[in-house]
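The primary structure of each chain is shown beneath.
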Amino acid sequence: MPHSLTSASTASLRDDLQAKIHLMQGKRGSERSLPVLPSLRRLLPGGLRPGAAYSIQGSMSLAMALLAGPSLDGSWCGVAGLPDFGVEAAAGFGIALDRLVLVPDPGACWSPVIAAMADVLSVVLACAPGKVAPAEAARLGARLRERSSTLLVLGPWPQSEAVLQVNGYEWAGLGEGHGHFAKQELELEIALRGNTRRASIDLAGNGTVELSRHRMGA
């Protein structure tokens, strides 16, 4: 089962997280990139970069898929500000629930709570609370780089390493409330380091078909 925590204070949250993860082998001090699932490797060939933030728009399934790669590799992960986060769906993607920390409601001090989670977790998935000031995002970015943590944000985020936008989806294989996905295809656009790509990816399989690519602003 995942570890669920409240956010009474950032100091107590950090202490609780450290207590929950006392068997963890310490924060990774290297800059080794975090792996992604096979279906995402052509879109993110270098994996997820420690110290970076990624903006995910239009799909919780994509967010879970991005969280699954590091989790399958043994990383501790966290989810904040998503009280309806589906742990059964997460487990279906391969996310290890015994290495998952949930903070359903970060409260008013969103950034300090995320920073406290980044102190001890390799990857944090969070829902941004509306508009975030660039200065606030910059402070959190500095914390991420200091701790070599990766932030996945549902929604817009200033100074993102990449923006992944889902423009459409198609699935097959589910019956009326039962069964397994045989196909979970997303029409995806990714803006990364000055380039944009459009691709069709199947989260239920291992294939990625690139459709087009162009310089941003072209």
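All values reported here derive from a predicted model rather than from experimental measurement.

A. Broad picture of the confidence of the model for the chain. Of the residues in the chain, 75% reach a pLDDT of 70 or more, and the chain-wide mean stands at 81. Segment residues 25–29: pLDDT under 50, and 16 contacts once partners within four positions in sequence are set aside and those in other chains are kept.

B. Structural context of the pairing of strand 3 (residues 77–80). Of the two faces of strand 3, the one holding Cys77 and Val79 and the one holding Gly78 and Ala80 are both buried throughout. Pairing analysis gives four bridges linking strand 3 to strand 4 (residues 100–103), with the strands arranged parallel. What sits directly across from Val79, in strand 4, is Leu102. Between the parallel elements strand 3 and strand 4, the chain passes through helix 3 (residues 87–93) in a crossover that is right-handed. Relative to strand 5 (residues 123–127), strand 3 is paired through four bridges, and the arrangement is parallel. Note on strand 5: the bridge partner recorded for Val79 is Leu125.

C. Structural view of the environment of Glu136. Relative to the assigned elements, Glu136 resides in helix 5 (residues 134–147). Between the C-alpha atoms of Glu136 and Ser111, which are 25 residues apart in sequence, the distance is 7.6 Å. Here Ser111 takes part through its side chain, which lies 2.3 Å from a polar atom of the side chain of Glu136.

D. Quick look at the packing of aromatic side chains. Under the counting rule described, the total for this entry stands at one aromatic pair. Where Trp110 meets Trp157, the ring centres are 5.7 Å apart and the plane angle is 50 degrees; that geometry is what we call tilted. With a gap of 47 residues between them, Trp110 in helix 4 (residues 110–120) and Trp157 in the loop between strand 6 (150–154) and strand 7 (162–174) connect regions that are remote in the sequence. Residue Trp110 is classed as buried on the basis of its relative accessible area, which comes to 5%. In this structure Trp157 comes out as buried when scored by relative accessible area, which is 9%.

Rules of the game
Residues numbered from 1 in each chain as written. Predicted model: local features only at pLDDT ≥ 70, side-chain atom pairs only at ≥ 80, totals over all residues. Heavy atoms only, no water. pLDDT = per-residue confidence, 0-100. Contact = heavy atoms within 4.5 Å. Buried < 20%, exposed > 50% of the residue type's maximum accessible area, 1.4 Å probe, protein only. Helix = DSSP H or I, 4+ residues; strand = E, 2+ residues; numbered from the N terminus. Pairing = 2+ DSSP bridges. Right-handed = clockwise from strand over helix to strand, strands pointing away. Polar contact = N/O pair within 3.5 Å; in protein donor to acceptor, adjacent residues only side chain to side chain. Phe/Tyr/Trp six-rings, centres within 6.5 Å; stacked < 30°, edge-to-face > 60°.

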